[in-house]
Structures are given as C-alpha cells and as structure tokens.
2 protein chains.
Amino acid sequence: MPHRYFTTDIADGSAYLNGADAHHLAVVLRAKAGDDVTVCDGLGTDYACRVRLAGKERVEMDIISSHPSESEPHTAVTLYVGYPKQDKLETIIQKATELGAVRVVPFFSRYCVAAPKNEEKKNVRYQRVALEAAKQSGRGRVPEVAMPLSFDEMLRDAAACDTVLFCDEAGGAPLHSRLKDTAHSVAIVTGSEGGFSREEAEKAAAAGFLPVGLGPRILRCETAPLAALSVVMALTGNLQ
Amino acid sequence: MPHRYFTTDIADGSAYLNGADAHHLAVVLRAKAGDDVTVCDGLGTDYACRVRLAGKERVEMDIISSHPSESEPHTAVTLYVGYPKQDKLETIIQKATELGAVRVVPFFSRYCVAAPKNEEKKNVRYQRVALEAAKQSGRGRVPEVAMPLSFDEMLRDAAACDTVLFCDEAGGAPLHSRLKDTAHSVAIVTGSEGGFSREEAEKAAAAGFLPVGLGPRILRCETAPLAALSVVMALTGNLQ
C-alpha cells in the first residue's frame with residue numbers, strides 16, 4: 001500500500017503536500033519524482049498521485065486517477081455526546097473516527113460537570129485528534145468536531161437525521177429494533193457523566209427521538225457512544 | 001436503589017463487609033442496624049441484606065433473600081487480546097467489564113511489543129481494574145483477568161468456547177454471520193498493536209477459529225475488542 005496523506009491543496013490535475021507532510025514524504029521517506037502516493041481530500045475522495053517534485057517544504061504531484069475512498073461507511077452517523085471531561089471527549093473523538101462516524105457534536109446538558117471554557121481553542125485540538133485518528137485508521141473523510149451546542153440546539157441539529165437514537169439510562173427499545181434499512185443518516189445521542197434529567201428525556205421524546213436501551217449495566221459516558229456506534233455500524237453493514 | 005458491595009465473606013445466612021467497604025458503609029454512609037444493603041458475591045448472585053451490626057472495620061448483615069444478578073448477560077463472552085501496552089490493556093479490561101465480558105485473557109504473539117515482565121504483580125492490578133469497573137457498572141460477576149498465555153496456549157484455551165471469532169486485519173465474514181443463536185460461550189480474539197503474523201492466522205484457522213472482518217478501517221488494538229464485544233452483546237440480546 002503506498003503512503004497516504006490528507007491535503008486540501010488540490011487543483012488542475014495536481015495535488016500538493018506542504019509543511020510537515022512534505023517533510024515526512026520528501027525527507028523521512030526520501031520520496032523521489034515518479035514515486036506513487038495516495039492523497040485524500042478528507043471529504044471522501046482518494047487520489048492516486050505520482051510525485052513530480054519532492055521538496056522539503058512542498059511536494060508536487062500529478063493526479064493519475066481519483067475514486068471514492070473505500071473505507072467510508074455508506075451510512076452517515078453523527079455522535080451527539082453530553083460534554084464529558086476533556087480527556088474522555090478526546091477518547092470518544094479518536095475511537096468514533098476509527099469506527100466511521102462522520103461528525104461528533106458535544107453538547108451541554110443539565111448534569112454536565114464540564115462548563116464552556118476556551119471552546120474555540122479546545123475545538124482546534126479536537127479537530128487535530130480527529131485528523132490524526134483519520135490518518136491512522138485510513139479514513140477517507142476527517143470527521144467534523146462541531147463547536148458545543150446547548151441541549152435545545154442539539155435537539156434541533158439532530159432532528160435533521162433520518163433516525164435519532166436517544167440512549168438513556170432509563171432504557172428503551174433494543175437498538176436493532178430502531179434502525180430502518182432506509183436510514184441514510186443516524187444520530188446517536190448519549191449523556192455526560194451525570195446522564196440526562198427527566199425534563200431532557202421528555203424534550204427528546206417530544207422531538208421524536210427514539211429511546212434506546214443499552215442494557216442493564218451502567219456504561220461510562222465514553223463507553224456508551226462507542227458501543228452504540230459499533231452496533232449501528234455492524235447493523236448497517238459498515239463493520240465488515 | 002440501596003448501596004451495593006462485593007464480598008466473598010458469606011456464610012450461614014449472614015454476609016460481612018470488611019476493611020474499606022465496612023468503613024465506607026459504616027462511617028461514610030453512616031449505616032445503622034436495620035438498613036438495607038445489596039451484597040454481591042462476584043459470581044453472579046445478589047443478596048438482599050439487612051445490617052445487624054455496623055462496625056468501622058466489619059459490618060455484619062442478615063441475608064433476607066438471594067437471586068441471580070439481573071445485570072449479567074446470558075452469553076459468556078471471553079476476550080482474548082494480543083498483549084498491548086499496559087494502559088491499553090487496562091482500558092480494555094475496564095470497558096470489557098462494563099460491556100459484560102466474563103473473562104479477559106491477554107496473550108503474547110509474534111508482533112507483540114510487550115514482553116512478559118512482573119506479570120503476577122500486573123495481574124493483581126488488572127484484577128483490581130476489573131473489580132472497580134464491576135462495582136461502577138453494577139455487574140453481578142467480577143470478570144477474571146487471566147495470567148497471559150502464549151499464542152499456542154491461547155489456541156487451546158479459546159477452543160473450549162462454542163464459537164471462536166478471530167478478528168484479523170486480513171478480514172473474514174461479517175460478525176453477524178458467524179454467531180449462532182445456540183452459542184452459550186463466545187471467544188473474541190484480537191491482535192496487539194502489531195496484528196497477527198500469517199502463520200498465526202493459519203494456526204487459528206486450523207484450530208477452527210472463524211475469521212471475522214471488522215470493516216475497512218484500521219481499528220486500534222484497544223478499539224477492536226470493544227467494538228466486537230459490543231456487537232456480540234447486541235446480537236445475542238445482551239445490550240438492551
């Protein structure tokens with residue numbers, strides 16, 4: 001398998017690597033003109049490229065062909081996660097990227113321990129976690145990590161998905177009974193360390209979210225979204 | 001829900017808490033004679049108890065009734081994990097406990113970065129991680145963390161399960177196609193950071209292990225067993 005890089009610097013039949021990626025390819029891997037490289041735009045398209053000029057700070061490549069990334073699931077799953085402690089959110093982002101999520105959206109709810117603080121700066125860090133995980137796992141798309149929403153904003157945002165699974169400790173139907181074959185987009189909503197308030201669960205039900213139970217054992221706030229995502233990916237044929 | 005403790009000190013219609021648990025119940029929670037407490041033997045049975053004597057170092061309780069723990073899955077799933085770095089193994093043990101695994105067995109394989117060192121001491125620590133996760137998640141059984149096996153020992157050990165799923169980067173059938181409804185015990189075998197050698201994959205096939213693919217994305221060695229476990233639990237009706 002040739003080496004694979006993300007870049008958005010793609011135009012007129014050429015692709016370019018800059019900075020650290022250029023250094024890695026030209027200096028660390030000693031790539032030369034004529035070498036094959038795979039480049040991905042991070043939006044689901046892979047480009048088979050050939051090196052034209054391998055500079056330490058910029059590598060120029062000719063695009064030979066392009067095709068949809070083979071590693072992308074055909075179901076767009078967004079994780080809406082009650083804002084947990086920062087290290088847990090990073091764990092969720094990393095593993096959600098490996099497991100094929102298209103978007104991770106933290107939101108604040110009544111029992112969140114975390115409070116909004118330096119969110120622009122944190123978001124830059126979260127996006128970097130997603131990018132690194134996308135590289136490592138061979139994703140064709142770098143999941144977007146959204147700026148945190150309020151609970152009510154989350155309700156409106158998630159409602160745009162075909163199916164919204166609301167995972168609450170209070171329980172609900174088995175996950176497999178909630179998933180239709182026709183769902184192109186699925187939202188999985190899970191709580192923070194403190195779970196959901198009764199009022200929040202009622203609002204979610206009023207918004208048409210489907211309550212889902214994840215079993216009698218209490219899952220940590222970073223385990224629940226990843227377990228639910230694994231099951232949704234398996235049931236929609238995206239983990240095989 | 002009354003407070004819940006693990007103890008093996010159960011005999012003749014009485015149950016006892018000692019040490020830190022006794023201190024927690026008697027001093028921190030200020031339990032008194034007559035209070036209700038749930039005690040679990042860590043082997044799948046819960047006991048409804050009433051405090052007889054609340055001492056700082058030993059709490060004596062009468063057993064009122066006993067019943068199988070409601071949080072235990074009806075399928076016994078063992079995770080066989082290629083020995084990863086220690087912190088990753090602890091993550092796997094913690095989350096496997098939440099997700100209902102009955103046993104976690106690390107094993108050494110050709111591409112393991114980890115080498116055996118102080119394994120008795122580490123095992124004590126791993127067991128403690130399982131115990132804490134069992135308490136936190138409300139398990140009725142504390143999963144056993146086995147001493148690490150060699151690859152060949154793992155082959156023999158896992159073969160005792162009804163179904164053995166061998167998760168290899170080389171791929172295989174979808175997980176759902178490998179699970180029979182009649183399986184009471186399922187083994188999930190996943191590799192360390194370095195994956196499996198071809199010889200190891202051949203030995204596993206010769207032992208009757210079923211190769212399973214977990215999709216086109218490369219899952220980290222701590223993500224793969226937890227994703228597979230989530231899916232097995234969901235497909236066997238134990239995550240609802």
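Residues numbered from 1 in each chain as written. Chains lettered and ligands numbered in written order. Predicted model: local features only at pLDDT ≥ 70, side-chain atom pairs only at ≥ 80, totals over all residues. Heavy atoms only, no water.

S.K.: I would appreciate a short explanation of the packing of helix 2 (residues 86-98) of chain A against helix 7 (residues 223-235) of chain A in the present structure.
M.R.: Between two packed helices, what matters for the description is the angle formed by their axes and the separation of those axes. Residue and element names in this part refer to chain A. Two elements in contact, helix 2 and helix 7, have axes whose closest approach is 10 Å; the angle formed by their N-to-C orientations is 10 degrees. Considering their axes alone, helix 2 and helix 7 lie roughly parallel with respect to each other. Taking contact as the criterion, the partners of Ile 92, Lys 95 and Ala 96 in helix 2 are, on helix 7, Pro 225, Leu 226 and Leu 229. In terms of residue class, the contact of helix 2 with helix 7 is made up of five nonpolar, no polar and one charged. (Axes fitted to C-alpha atoms, helices over the stretch in contact; angles between N-to-C directions. Helix = DSSP H or I, 4+ residues; strand = E, 2+ residues; numbered from the N terminus. Parallel < 35°, antiparallel > 145°, perpendicular 65-115°, else oblique. Contact = heavy atoms within 4.5 Å. Nonpolar A, V, L, I, M, F, W, Y, C, P; charged D, E, K, R; others polar.)

S.K.: Mind showing me how you'd approach the interface of chain A and chain B here?
M.R.: Often the size quoted for an interface is simply the accessible area lost on bringing the parts together. If you look at the interface, chain A gives 33 residues, while chain B gives 33 residues. With both chains or domains summed, chain A and chain B bury close to 2,900 Å², and 56% of this area falls on carbon and sulfur atoms. If you sort the residues of chain A by the area they bury against chain B, Arg 217, Arg 220 and Gln 240 of chain A come out on top, with a joint share of 24%. There are four salt bridges connecting chain A and chain B. (Buried area = accessible area lost by both parts, 1.4 Å probe. Salt bridge = Lys/Arg side-chain N within 4 Å of Asp/Glu carboxyl O.)

S.K.: Can you help me understand the relation of the copies chain A and chain B in this one?
M.R.: One copy of the chain maps onto the other through a rotation about an axis followed by a shift along the same axis. At an RMSD of 0.0 Å, chain A and chain B line up after a rotation of 180 degrees and a shift of 0.0 Å along the axis. Such a combination of turn and shift is consistent with a two-fold rotation axis. For chain A, the residue whose C-alpha comes nearest the rotation axis is Val 231 of chain A, separated from it by 2.5 Å. (Least-squares fit on C-alpha atoms with pLDDT ≥ 70 in both.)

S.K.: In this structure, what is going on with the pattern of salt bridges? I would like to understand it.
M.R.: Any two side chains of opposite charge can pair, so long as their charged atoms come close to each other. Residue and element names in this part refer to chain B. All told, the structure shown has 38 salt bridges over all chains when counted by the stated rule. One salt bridge in this structure joins Asp 21 and Lys 135, with 3.9 Å as the shortest N-O distance. Residue Asp 21 is found in helix 1 (residues 19-28), and its partner Lys 135 is found in helix 3 (residues 119-137); the two are separated by 114 residues along the sequence. Two residues, Lys 88 and Glu 222, come together in a salt bridge whose shortest N-O distance is 3.9 Å. Note that Lys 88 is positioned in helix 2 (residues 86-98) and Glu 222 in the loop between strand 13 (210-213) and helix 7 (223-235), a separation of 134 residues in sequence.

In short, geometric facts, not functional conclusions.
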